[in-house]
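Structural features, examined
One letter stands for each residue in the lines below.
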Amino acid sequence: MLAQPGEGDASKELPVERSSLEAIFYTCGVKKPPAITTQPESVTVFSVEDLVMTCEASGNPPPIFRWTKDGDSFDPGSDPELKVTERAGSMAFYTVSGSIDTLKQYQGKYVCYASNELGTAVSNEVILNTDTLPSLQKEKKVKKKAEEGESVVLKCNPPPSSMEPIIHWMDWRLLHIQQSERVIVGKDGNLYFAHVKTEDSRSDYTCNIQYLATRTILPKEPITLSVTSSNSVVRNRRPQLMRPTGSNTTYHVLRGQTLELECIVQGLPTPSVSWLRKDDQLSESRTTREMFNRRLRFSNISEIDAGEYQCMASNTQGKVIHTYNVAVEAGPYWIKEPVSQLYAPGETVRLDCQADGIPTPTISWSINGISLSEIDKNSRHTLTDSGSLILKEVDFSNTAIYQCRAANKHGTILTNTNVYVIELSPQILSEDGMVYMFTEGQKALLDCETFGSPKPKITWDIDSDPSFLADPRVNPLASGGLQISNVTRDDEGLYTCSVLNSNQSITAELVVLNRTIILSPPQALRVQPGKTAIFTCLALVDPKLTPPSIQWRHNGRKLFQSSMEDKYTFEGPDGMVANVQEGDEGIYTCQVITNLDMAEASGSITLVDRPDPPALLQLSDSKRRAITLSWTPGDDHKSPVEEYIVEFEDQGSKSKVWEDLKRVDGSALSTVLSLHPYMSYRFRVVAVNEVGKSDPSKPSELHKTPAEVPDKNPEGVRSESLEPGTLLITWEEMDKKNFNGPEFKYRVFWMRVLGSGPEWHTSDTAAPPFIIKDVGIYSSFNIKVQAVNEEGEGPEPKPVIGFSGEDVPLEAPMAVGITPLNSTAIRVSWAAINKDTVRGKLLGYKIQVTRLGARGHHRGRRAREPHTTVTVVETGPSEEKRVISGLRPYSHYSLTATVFNSKGEGPACEPLAFDTEEGAPGPPTSLILESPGETEMTLHWTAPIHTNGILIGYLLQYQQIVETNDSPMQVITIENPAATHITVNKLDRHSRYRFYLRGRTAIGEGDPIIREGVTTLDGGPPSNFSLVVGETAVNLSWTTKERHRNIRFQIRYLDKNNGENWKQSERVNSSQSFYQLQGLTPGSHYRLLFIHNDVPFWETDVDTDGTAVMEVQGGFATQGWFIGLVSAVVLLLLLLLILCFIKRSKGGKYSVKDKEDGPMDSEARPMKDDTFGEYSDNEEKRTASQPSLCDDSKLCSEDNLDYNGGSAVTTELHLDESLASQCSRPSVAETATLNTPPAAAANNSMPNSVAILD
């Protein structure tokens, strides 16, 4: 069998002892002492039906029950107001009549006793109280009025009761009032507003009081709250405590209880609350924050939580602190309980009973419910200072139930312990061969339960090595089990439990697996409202464990996926929280749960948002060009403000656009702003945090600055003169903010650099550019621009040099010379140009080189030369020579040179002709390899496009391609320049070759064209045929061997069903790899024979798909009489046609020419184009000599006249206007038909689209 941690946990050590004893009783069928199985419970009675007191116990023989009330004997059976129900192992009494007043007589402390011959078991002491059901008294309707920004408390005042009420503030639609940091329900049931807003006004604030014990909900009268808007700006207020009041509060709480520290504050803006522990670190694991951080909750308080705590509430106006002194006391609780055991006569029994509490409890003992002090003193009963009871040399008379009681002012606890003196032989109760599985780090517990009297002694060993017990992690338990703390893989093995002085033993196998580890835990997320938060919880799990499940928790509460709300979605390791709101903040824990262990990790959601806009903007400390702006920050929504952006709007500007003026640190609440003169400012502030920008604040009041003279001049003053003889002065326009006053303008100054004297010319303008005409071509000027307004002039500007407009140069370069350097380069030189003739700034020289063609080529070669090419080279203004390269060898060239400035080029010099020398040719245009045999390769090529001289032949080099790349190069010189192919013999049929082909001129060899190839092998017919058979065709495919030469073969096929002769396909190339044999008969059996050079090389049989065609018997179409009748009809028609031809010949049809000479309708003129207008006398005679079939026959009607040969029948036609254009000229198809020989055109009739009208 397989045991897992849940089946053997160390925490169950004490109950295991008891269960062992019970197992002995049931197994052996011996008598069993009584044991309380269901304790009576304290109860508060509100009605007759509520008074039920029950006590259940086990034992053999069945126990007898009795009760005490307030220490005195109480017999419910003798009370006529009570009814008693007794069954085997249980007793209960309850009321059957009476009122709540009569029930008060039963208030008190009750104890149940269960007895049989082995002793008496005692229950815990319980209390019965009575109380009336809570009810509401008639109240007046409450109406409260408040001004916006004030704090308000709406009181609930639940009726007094012993029950703790649950308060719900709701509206008339039974919807909860939305709570927030500003609006909170206190523990006293009141609704607290830190400050009210106008939207808080409503008339249905209803307090609903719920009592769970009585299943009662009491709705109180609705409260009306009216909030009026303040006529002035709502003033901010520092925080003040609403609950609790004062500066400190003291709490006395018992260990294990729940304590909630409450901190409800008022203030504007809404204060934020933080908690701290003054005397130690505040434990996040032992506390939770609730109600928007207004409550600090201790769910299971203990002594370590006692101390001093503080709540600090703060906003922008200040802070307030409240101190909580928490004192933790404890009712009695067990440290060590005595264990029920079997004992042999003569043994000494020690019953250890230790309890703790604050204050320290006192320990007392009783036997079968009778105090030890009331029993005759027995020298064998000894009570130690620690509270233990020692029984020396017990005998059968000591069999009893011993009660240990611990009591202090907070309560009493009691435990029953069975001492059973009996003689039994030892036995092992635990099952043999159990397999225990744990994960690393867990506490392993191997069971070995025994019974016997005296108690059996147990030993453990592993693999016959008992020394492992020396390990401090290994702990043999008093129950017989073996506990191993922090188990590791090294602890795996087979463990043996043996009973001393007997042959009884069992084995247990311990298997240790890898613990579950979370590799990627959830993170601390900062999320905006309405967004989706995604946590990831990726874990590593031992493959021997069951597939894990992931449980997500929010502040300890389990989360479940809901398809209705889609709030929580869990996909694999991801947990998603949609539409995050305030209630979603907190700690999110993922628990990866397997069948043996669990790993967990936590993240969090903090709701962040854009900050609220700053408020209360104030201007102070005004100066001429500066002012101080201060503001009050808005709520940062848990994301600190990183910076503030101060914006301004110029009220004097037409656009009125808000612009950034300054950025300041997020901790600042004021700043000094630098301003421009003569502007009307309004300011606003935007707060920025990690989420984004706030809305802008409300604008400040208007602030105007006085006018001043300009303090700067425009920048970028320059000349951009384009027209010759014109000076254009321009600059960058100044920003309106720098005008500094009204009537702003620019004052332009200009003066020639030479020859005009020291006087400046000036002129005012409102905007650039400024143009001055007739100042000469490319003259230099000092220019400057000054800012001026009504208050005066700006600072003195610095002059810059500008030029009037340029014109194209007047002269060409002089003394241009050419020096050849090689077949592709020349050096060009010239004399420097006279600067006065440039008429502008000299930018350089342009050299134009034109290729006119190749030298000395015959006409055919010249025709293949490309078009004339022109190369233009630009030089710098100071250069007087330049090397021009990249020319084509063996070519005619022409060269010109010009001078250029920004306006353009001047005239060109006289063209200079020169020729380039012959050079090496370019590579051949193409090279194709063809293998006529296994050792031969034929090379086909075309001549180079660029011969660069007179081609005198070719050079062919080739070599085998080997890995070492060192095979000898073979060389063939081809003297014939007109050669286009060559065959290379004696090649190795197993080798691959690389061929290099170069052209040659007198200068040398050119660049090669390179190809690689291999000869083809003589091969036989293909093999490995695959056939796919259809109804009327067979698809054939085959594989061809690499490098094998193509062969041609045929397929002969015979239909064995019909007994026909052999048929033969067309010739098939082996390189096709596929062929479809068509024209077969469905449902037939064929013999296929593949032939090459009249020799069969493969054959096969195939059956086509489909159903065979059956011969039709007895049809009249195959009878002799029917065939004779058809033949007679055909002969008769033939005679009729002959007679028609004879009659047509006698009629003498006129020729086309005769028709043309006669009168013609304007709508039937002959077509005078190249196709229809040309005819010969021969054609005319041939037309005239043709006989007429018959005048009356429809075959001879105008509707059936043909255009035959090259003649055109021009019968007088009356055409509809819509169709006349179709007949005016034949189409392309018709033209082609008319130019064909008469035999071919005999069937070409008049176009169907031409309608012939009577």
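Model, not experiment: these values are computed from the prediction. (Residues numbered from 1 in each chain as written. Predicted model: local features only at pLDDT ≥ 70, side-chain atom pairs only at ≥ 80, totals over all residues. Heavy atoms only, no water.)

Concerning the overall build of the chain
Going by this rule: Numbering of helices and strands runs from the N terminus, with a helix taken as a DSSP run of H or I at least four residues long and a strand as a DSSP run of E at least two residues long. Each residue is placed in one exposure class: buried if its accessible area under a 1.4 Å probe, protein chains only, is under 20% of its type's maximum, exposed if it is over 50%, and partly exposed if it falls in between. In what follows, residue pairs with any heavy atoms lying within 4.5 Å of each other are defined as contacts. The Shrake-Rupley method, run with a 1.4 Å probe sphere, supplies the accessible areas, and residue values consider only the shown protein chains as cover.
Within the chain, the regular secondary structure consists of 9 helices and 94 strands. Here the chain, with 1254 residues, has 41% of them falling under the buried criterion. Across the chain, every contact between residues at least 6 apart in sequence was considered, and the portion connecting residues at least 24 apart equals 66%. Surface summary for the chain: the accessible area is close to 68000 Å², and the carbon and sulfur share equals 50%.

Quick word on the sheet that holds strand E85 (residues 992–1000)
Just so we agree on the cut-off: Any two strands with at least two DSSP-identified bridges between them are counted as paired. Whenever a helix is involved, its axis is fitted only over the stretch in contact; in every case the axis is a line through C-alpha atoms, and angles between N-to-C directions fall within 0 to 180 degrees.
Judged by pairing direction, the sheet is antiparallel, and its 4 strands sit side by side in the order E83-E82-E85-E86 without closing on themselves. Looking at strand neighbours, the two that pair on one side only are strand E83 (970–974) and strand E86 (1009–1014), the edges of this open sheet. The sheet shows a mean angle of 20 degrees between the axes of neighbouring strands, taken without regard to direction. Two elements, E85 and E86, share 6 bridges in a ladder whose sense is antiparallel. Among the inter-strand pairings, Tyr 993 is bridged to a residue of E86, identified as Gly 1013.

Some words on the confidence of the model for the chain
As a reminder, the rule being used: A residue's pLDDT is the predictor's confidence in that residue, given on a scale from 0 to 100.
Of all residues in the chain, 86% attain a pLDDT of 70 or more, and the chain-wide mean is 83. Taken together, the stretch residues 858–864 has pLDDT below 50 and engages in 7 contacts with residues farther than four places along the chain or on a different chain. Segment residues 1147–1254 is flagged for pLDDT under 50; beyond a separation of four residues in sequence, or across chains, it makes 111 contacts in the model.

Examining the state of the cysteines
Condition: Throughout, a disulfide means two cysteine sulfur atoms within 2.5 Å of one another.
According to the stated counting rule, one finds 6 disulfides in the structure shown. In this model Cys 55 forms its disulfide with Cys 112; the gap between the sulfur atoms is 2.1 Å. The S-S bond linking Cys 55 to Cys 112 shows a torsion near -85 degrees; that makes this disulfide left-handed. In this pair, Cys 55 sits in strand E4 (residues 52–60) while Cys 112 sits in strand E9 (residues 108–116), placing the two residues 57 residues apart along the sequence. Of the two residues examined, Cys 55 and Cys 112, each falls in the buried class. Cys 353 shares a disulfide with Cys 404; S-S distance 1.8 Å. Taking the torsion about the sulfur-sulfur bond, which here is approximately -85 degrees, the covalent link between Cys 353 and Cys 404 counts as left-handed. Of this pair, Cys 353 sits in the loop between strand E30 (349–351) and strand E31 (354–358) while Cys 404 is found in strand E36 (residues 400–408), placing the two residues 51 residues apart along the sequence. Take Cys 353: its relative accessible area is 0%, and that puts it in the buried class. Taking the relative accessible area as the measure of exposure, Cys 404 reaches 0% and is therefore buried.

Thoughts on the pattern of salt bridges
Put simply, the rule reads: When a carboxyl oxygen of Asp or Glu lies within 4 Å of a side-chain nitrogen of Lys or Arg, that pair is called a salt bridge.
Taken as a whole and assessed by the stated rule, the structure comprises 53 salt bridges. Its salt-bridge partner being Arg 295, residue Glu 260 comes within 4.0 Å of it at the nearest N-O pair. Of this pair, Glu 260 sits in strand E22 (residues 259–262) while Arg 295 sits in strand E26 (residues 295–298), placing them 35 residues apart in sequence. As far as burial versus exposure is concerned, Glu 260 and Arg 295 are alike and both buried. Residue Arg 994 is joined to Glu 1012 by a salt bridge in which the shortest nitrogen-to-oxygen separation is 2.9 Å. In this pair, Arg 994 sits in strand E85 while Glu 1012 sits in strand E86, placing the two residues 18 residues apart along the sequence. For Arg 994, a relative accessible area of 17% gives the class buried. With a relative accessible area of 40%, Glu 1012 lands in the partly exposed category. Several salt bridges share partner residues, and in doing so they unite Asp 188, Arg 243, Glu 260, Glu 262, Glu 290, Arg 295 and Arg 297 into one network.

Details of the side chain of Gln 786
The test is simple: Polar contact is defined as a pair of N or O atoms within 3.5 Å, subject to the rule that within protein one atom must be able to donate a hydrogen and the other to accept it, and that residues adjacent in sequence are counted only when both atoms are side-chain atoms.
By secondary structure assignment, the location of Gln 786 is in strand E69 (residues 780–789). Judged by relative accessible area, which is 3%, Gln 786 ranks as buried. A polar atom in the side chain of Gln 786 sits 3.4 Å from the backbone oxygen of Pro 795. Apart from residues no more than four positions distant in its own chain, Gln 786 is found in contact with Asn 713, Pro 714, Lys 745, Tyr 746, Arg 747, Phe 749, Glu 793, Gly 794, Pro 795, Glu 796 and Pro 797.

Points about unusual backbone geometry
Going from Asn 60 to Pro 61, the amide bond is cis rather than trans, its omega being 5 degrees. Along the chain, Pro 61 turns up in the loop between E4 and strand E5 (64–69). Of note, the bond from Arg 243 into Pro 244 is cis; its omega dihedral lies within 30 degrees of zero at -5 degrees. By secondary structure assignment, the location of Pro 244 is in the loop between strand E20 (237–243) and strand E21 (248–254). Backbone geometry places Phe 292, a non-glycine residue, at a positive phi of 55 degrees. One can find Phe 292 in the loop between strand E25 (287–290) and E26. Backbone geometry places Asn 501, a non-glycine residue, at a positive phi of 60 degrees.

Here's the deal with the sheet that holds strand E37 (residues 411–421)
Taking strand neighbours across the sheet as the criterion, the 5 strands line up as E29-E37-E36-E32-E33 in an open arrangement whose pairing is mixed. The open sheet has two free edges, formed respectively by strand E29 (341–343) and strand E33 (370–371), since each of these has just one partner strand. Sheet topology note: the E29/E37 ladder contains 3 bridges and is parallel. Bridging across to E37, Tyr 343 finds its partner in Val 421.

Focus: the environment of Ile 367
Among the structural elements, Ile 367 can be located in strand E32 (residues 362–367). The exposure class assigned to Ile 367 is buried, which follows from its relative accessible area of 11%. Aside from chain neighbours lying at most four places away, what touches Ile 367 is Leu 372, Ile 375, His 381, Ala 400, Ile 401, Tyr 402 and Gln 403.

Description of the packing of aromatic side chains
Our working rule: Stacked, tilted and edge-to-face are the three classes assigned to paired rings of Phe, Tyr and Trp, where Trp is represented by its six-membered ring and a pair needs centres within 6.5 Å; plane angles under 30 degrees give stacked, over 60 edge-to-face, the rest tilted. Definition used: whenever NZ (Lys) or CZ (Arg) falls within 6 Å of the ring centre and also within 35 degrees of the ring normal, the charge is taken to sit over that ring.
Evaluation of the coordinates by the stated rule reveals 37 aromatic pairs. Taken together through their ring pairs, the aromatic side chains of Phe 1025, Trp 1038, Phe 1049, Phe 1090, Phe 1097 and Trp 1098 make up a single cluster. Directly above the aromatic system of Tyr 205 lies the positively charged group of Arg 202, at a separation of 5.7 Å from the ring centroid. The side chain of Lys 784 reaches across the aromatic face of Phe 749, ending 5.0 Å from its centre.

Quick look at the environment of Leu 722
If you trace the backbone, Leu 722 turns up in the loop between strand E64 (718–719) and strand E65 (727–730). Relative accessible area serves as the criterion here: at 65%, Leu 722 is assigned to the exposed category. Here the alpha-carbon distance between Leu 722 and Gly 805, two residues 83 residues apart in the chain, equals 4.9 Å. Excluding anything up to four places from it in sequence, Leu 722 contacts Gly 805, Glu 806 and Lys 903.

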